[in-house]
Structures are given as C-alpha cells and as structure tokens.
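Architecture and fold: a report
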Amino acid sequence: MESIESILNDDFIGKTVTVHGWVYRIRSSGKITFIIIRDSTDIVQCVASSVNLGDRYNDISSLTVESSLEVTGKIKKDDRAVTGYEIQINDFKIYQRNEFFPITKDKSEEFLLDNRHLWIRSREFTSILKIRSTVFKAFSDFFYKNGYYQVQGPMMVSTATEGGATLFKLKFFDDDVYLTQSSQFYLETMIYSLEKVFTIAPSFRAEKSRTRRHLSEYWHAEGEAAWLHNEDMMQVEEKMIEYIISEVLENNEKDLKLINRDISKLENIKAPFPRIKYRDLIQKSKEFGMNLKYGDDLGADEEYNIMIHYDKPLFVTNYPEELKTFYHLPDPENPGEILCHDLLAPEGYGEIIGGGERIWKLDQLLERMQKYGLPEEDYYWYIDLRKYGSVPHSGFGLGLDRLVNWICNLNNIRDAIPYPRTVRRIKP
RNA sequence: GCCGCUAUAGCUCAGUAGGUAGAGCACUCGGCUGUUAACCGAGCGGUCGUCGGUUCAAACCCGACUGGCGGCGCCA
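Residues numbered from 1 in each chain as written. Chains lettered and ligands numbered in written order. Predicted model: local features only at pLDDT ≥ 70, side-chain atom pairs only at ≥ 80, totals over all residues. Heavy atoms only, no water.

Below, the discussion takes up the pattern of salt bridges. Under the defined criterion, the tally for this structure stands at 30 salt bridges. Note that Glu-337 and Arg-279 form a salt bridge whose closest N and O atoms lie 2.6 Å from each other. Of this pair, Glu-337 sits in the loop between strand E13 (314-317) and strand E14 (340-345) while Arg-279 sits in helix H11 (residues 278-284), placing them 58 residues apart in sequence. Its relative accessible area of 5% is what places Glu-337 among the buried residues. (Salt bridge = Lys/Arg side-chain N within 4 Å of Asp/Glu carboxyl O. Helix = DSSP H or I, 4+ residues; strand = E, 2+ residues; numbered from the N terminus. Buried < 20%, exposed > 50% of the residue type's maximum accessible area, 1.4 Å probe, protein only.)

This paragraph deals with a nonpolar patch on the surface. On the surface, Met-156, Phe-172 and Phe-173 cluster together to form a nonpolar patch covering roughly 350 Å² of accessible area. Tracing the backbone through its elements, the reader meets Phe-173 in the loop between strand E8 (169-172) and strand E9 (175-179). (Patch = residues over 30% accessible without salt bridge, like charges linked within 9 Å, V, L, I, M, F, W, Y side chains within 5 Å. Areas by Shrake-Rupley, 256 points an atom, 1.4 Å probe, with all protein chains shown as cover.)

As paired elements, strand E3 (residues 43-49) and strand E5 (residues 85-96) share 3 bridges and run parallel to each other. Counted as the bridge partner of Gln-45 is Glu-86 from E5. As paired strands, strand E4 (residues 68-77) and E5 are joined by 10 bridges and run antiparallel to one another. Considered in E5, the bridge of Lys-76 is made with Glu-86. (Pairing = 2+ DSSP bridges.)

Glancing now at the packing of aromatic side chains. Tallied over the entire structure, the rule returns 26 aromatic pairs. A centroid spacing of 5.9 Å and a plane angle of 75° characterise the contact between Phe-139 and Phe-198, whose relative ring orientation is edge-to-face. In this pair, Phe-139 sits in helix H6 (residues 123-145) while Phe-198 sits in strand E10 (residues 196-204), placing the two residues 59 residues apart along the sequence. Judged on exposure class, the residue Phe-139 and its partner Phe-198 are both buried. On the numbers, 6.0 Å between centres and 45° between planes, the contact of Phe-142 with Tyr-243 is tilted. In this pair, Phe-142 is assigned in helix H6 and Tyr-243 in helix H8 (residues 230-251), connecting sequence segments 101 residues apart. We note that Phe-142, like Tyr-243, is buried. A connected cluster of aromatic rings, assembled from ring pairs, spans Phe-139, Phe-142, Phe-143, Tyr-144, Tyr-148, Phe-198, Tyr-243 and Phe-396. Its end group placed over the ring of Tyr-24, Arg-25 keeps NZ or CZ at 4.1 Å from the ring centre. Arg-123 extends its terminal NZ or CZ atom over the ring of Tyr-24, reaching a point 6.0 Å from the ring centre. (Phe/Tyr/Trp six-rings, centres within 6.5 Å; stacked < 30°, edge-to-face > 60°. Lys NZ or Arg CZ within 6 Å of the ring centre and 35° of its normal.)

What follows is about the protein's contact with RNA strand B. Close to RNA strand B lie 51 residues; Arg-27, Val-51, Ser-108, Arg-205 and Arg-212 are nearest. Each atom of RNA strand B within 4 Å of the protein belongs either to a base or to sugar and phosphate, the latter forming 48%. At 3.4 Å from a base nitrogen of RNA strand B is found a main-chain nitrogen or oxygen belonging to Lys-105. At a separation of 2.8 Å, a base nitrogen of RNA strand B approaches a polar side-chain atom of Arg-210. Of the residues contributing to the surface near RNA strand B, the split by class is 12 nonpolar, 14 polar and 25 charged. (Near = heavy atom within 4 Å. Polar contact = N/O pair within 3.5 Å; in protein donor to acceptor, adjacent residues only side chain to side chain. Nonpolar A, V, L, I, M, F, W, Y, C, P; charged D, E, K, R; others polar.)

Turning our eyes to something else, we now look at the sheet that holds E13. Ordered by their spatial adjacency, 8 strands build an open sheet running E6-E10-E11-E16-E15-E14-E13-E12, and the pairing between neighbours is mixed. The sheet terminates laterally at strand E6 (149-150) and strand E12 (275-277), the two strands that pair on one side only. Strand direction decides the pairing type here: E13 and E14, joined by 4 bridges, are antiparallel. Paired with Leu-314 across the bridge in E14 is Leu-344. Sheet strands touched by helix H7 (residues 184-194): E6, E10, strand E11 (217-226) and strand E16 (393-399). Its angle to E11, the strand with the most contacts, is close to 30°. This element, H8, spans E12, E13, E14, strand E15 (350-357) and E16 of the sheet and lies at about 35° to E16. (Contact = heavy atoms within 4.5 Å. Axes fitted to C-alpha atoms, helices over the stretch in contact; angles between N-to-C directions.)

Time to look at the packing of H6 against helix H15 (residues 400-407). Put simply, H6 and H15 touch, their axes get as near as 10 Å, and they point 125° apart. The angle between the axes of H6 and H15 places the two elements in the oblique class. Taken as a pair, H6 and H15 cross one another with a handedness that is right-handed. Between H6 and H15, the residues in contact are Ile-128, Ile-131, Arg-132, Val-135 and Phe-136 and Leu-400, Asp-401, Leu-403, Val-404 and Ile-407, respectively. Here the contact of H6 with H15 is built from residues that sort into 8 nonpolar, no polar and 2 charged. (Parallel < 35°, antiparallel > 145°, perpendicular 65-115°, else oblique. Left-handed = near helix turned anticlockwise from the far one by under 90°.)

This is how it looks when you write it as structure tokens:
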C-alpha cells in the first residue's frame, strides 16, 4: 500500500501500485470514469474503463463522493490529471458505497458548521489541521530544547485568574467549581522545583463574545520561568514564535500554498520583534489615524489600526496598572506602569500573547489583592508562594488558535480549530 | 450585555404593487472512451423557521419567539 503523495513522481511511471482512500471527485462518461481519490497525503486521478474492468465497471462508475475504496493499477504520467499522474485501474475493492454526500459545491457558513464533522475532510481544512499540528509540536519542542518541563494544571478550579465574571460554573459533588481560564497560577507553583515550565491546555471563557477572534474553549499555551524578568521573557517568546513559523515553513509549504497563504510574509518573521511602551504608543496613535489618550485600552479596532503598519509582531509593554489584573509587577522606574507585555500579530490580527513579570514580594501582592477586593482565603496557596523562597519570575499565555489563525491568514478563528465552541455553537 | 443582518426544495439562492411556488446543484433513470466541482435529456423534490395579527386572499405587510451570522465591549 502506497501513500498518494509518495507515488506522484517519475520513479513510479509504469509501475503497478495500490492506494486506498476516499472518492474526492467522480466523473463518468459512459465507458470511461475518472475518479479522483483522496488520502491524507494528496489526491490522484484514477481511470476506470469498461475495457479493463468488464462486468465490474458499473460497480465503480456508479460510486458516490466520499465512498471508501482501494484501487490497484499502473501509473502513467498525464498532464490532464489534476496532480500530473494517473492510475489505470485494473482491480479495486469498495469498502463502503455511500449514499450521496451532503456537502456539495454550494455551501453556507451555517451548513458547514452544522456539518463540521464532514467538512473537516475538505482539502483546505486538512491543510489547516496539518499546520495546526506543526504549531503544537513546535511549541513543545521549542521549550523542551530550552530546558523547560511540560506540566499540567487542573481544569476544574475554585478561583478565577483574570476576573470573576467570565467563568463557567459547574457542579462538583456538593460544591461549585469553575472551568479554568488559565493555568498560570498552577504553573507558578511549579517553578520552585522545576524552575522553567510550560503547558498546553484548554482554557474556558464564558464571555459572550461574538467576534472572529474569540472562542469559549481555546487552546492556551503557557510558560512560566523563575529568575526571568519581563524583557527576558519577551526574548524567549520572540524566539519561540520565530521557531514555530520556521517549522511551519519547513514542514507545511504544500499546505500553505493550498490555502493560498502568502509565504513571503511568514518568511519575514524573524526575532527580534519591535517593542513599544504603552505611553509611547498613545503618543504615536495620531500617526495611525487614532486619537487615543493615556488610560484608553487598546480595543480590536485600535490593534488593527496599529498592526496594519507592522510586518512583524509588536510587543506593547508598560501598560498602566489600571488596565491589567492584580498580579503584574509594578515598574519601579515608571510609577503607575507595570512590567508586562502583549504581543500583537501583524496583518491586522492583533493580540496573541499576554505576559509579564509577576509580583513576587508578599506585602506588594497582598496590597494589590486588597485593592482588587480579592479574598485572601481563596488564594491562600498563591499567597504562600510569596512566603517560601519567593523569587522574581515571569510568564506568558499564548492563544494557539489565534496563532494558527494568523499563520494561516484565516478570516475567522473558528476555522483554526476543528470543533469551535462559541456562545452560539456547541454542536457537533 | 448592546447593535445590525438573516431564515423559501437535501444544498445554494431567486421570487411578487399581497392573487394556486421557481432555477442551479445533489439524487434517480437514459446517453456519451479524456473528464477537470464534465456535458445532454427526462424524473423526483416545498406546511416558504414557529406562533399570532391585518386582509376576501400572506412566502410577501405587522408583532412576538426561536435558530444562525457579523460588529462592539472583554480577552488569548
């Protein structure tokens, strides 16, 4: 048995091969039928003729799209075939003869989402999922290569990380628990032994967001490292993004072409990435056609207006403390600012990473928690980390689906994940 | 939470100053030995999202509800 990709070259001309897969297209003209067969690697045109197959010809010429089969035949080079070669069928085995496949050439967004379990077989989706696979692998590989350990936190938690309003609540025996929004705090507990850790885990946000860059369940890649400061962490992240993209370029060139991605834009993504302080960005906002004042948060429109001017990702640092949550370390040199960073992706995509240096001194953390009205009892274990051998440390959270969305230049984050969960979509 | 758009055949869509519902694709049958989401002929296919209102008459006008899509806020 050969993969389709492996037989599409001149070495196989004249040889007899067997491939198996699914009917991608089928066209019949009486005594000759063209069947395009698809497997996970590629597609190939196969020719069935009544002269070769005799009585069995009708069995194969009447097949329907997505029926599964195995064919054996000799390979011929032919420019008329979609991938340049074709198989002259002289034997075949049908595994399943389908009723008609529901997805045809006309398709609405809603229909395709309802039939996502079938739509993911499409060539575009297959390529996106291959790229996504590379992104996940490259993320892990990068951190393994840099001495990080992979760890896992719980998905069911009793406290919020970001804020109270966006948690999914569920019953846990007699108690209420929440689905995690971030594994950050649990990663922080592990740096005191492992020093450098990362995780890939789902995070859940009950925000009723109706946008093309939000999911209710998304894949969160997080890292946390002892002894690193904000700038150190940014250097790790830019190398990580550069590595992931270089791996995609190396392993998925065919897939990027199939989805019509402009590869030169990705080839340009090399560290270091530019950095700008929030207050400088506010000053510069007029150049980007906006009139922002200090204290304004960067919304989707602002990120877009900024990032269409950059061809590399951009770090925005030193946000005012009011714009971010309680655990960020205040900048001793710039009162009112914190040592944090967001990474905005180019081509208008916007935020893909949020990170920064964490407060590591006990009194400072308690003071900030009080300001935010957070109950110390619920966070006793997080507070304990500042009592026993506390050290400076930094971390980040990356939205892997957002990264895939950008790398594939997709229009909607839904198409960066096989089964998107949004406020309006829980099936299939 | 707020704003906008949308719902007609299995799928994509048209439809009318309010008067018995239409095309393409898919499917079935027939034809075709070089197709490229083939082509030609015939057939099959609808309680026009649901409920209510206006009217002699509603897919069409009005209201409510439900599903879906997009935008904002929030974030990754």
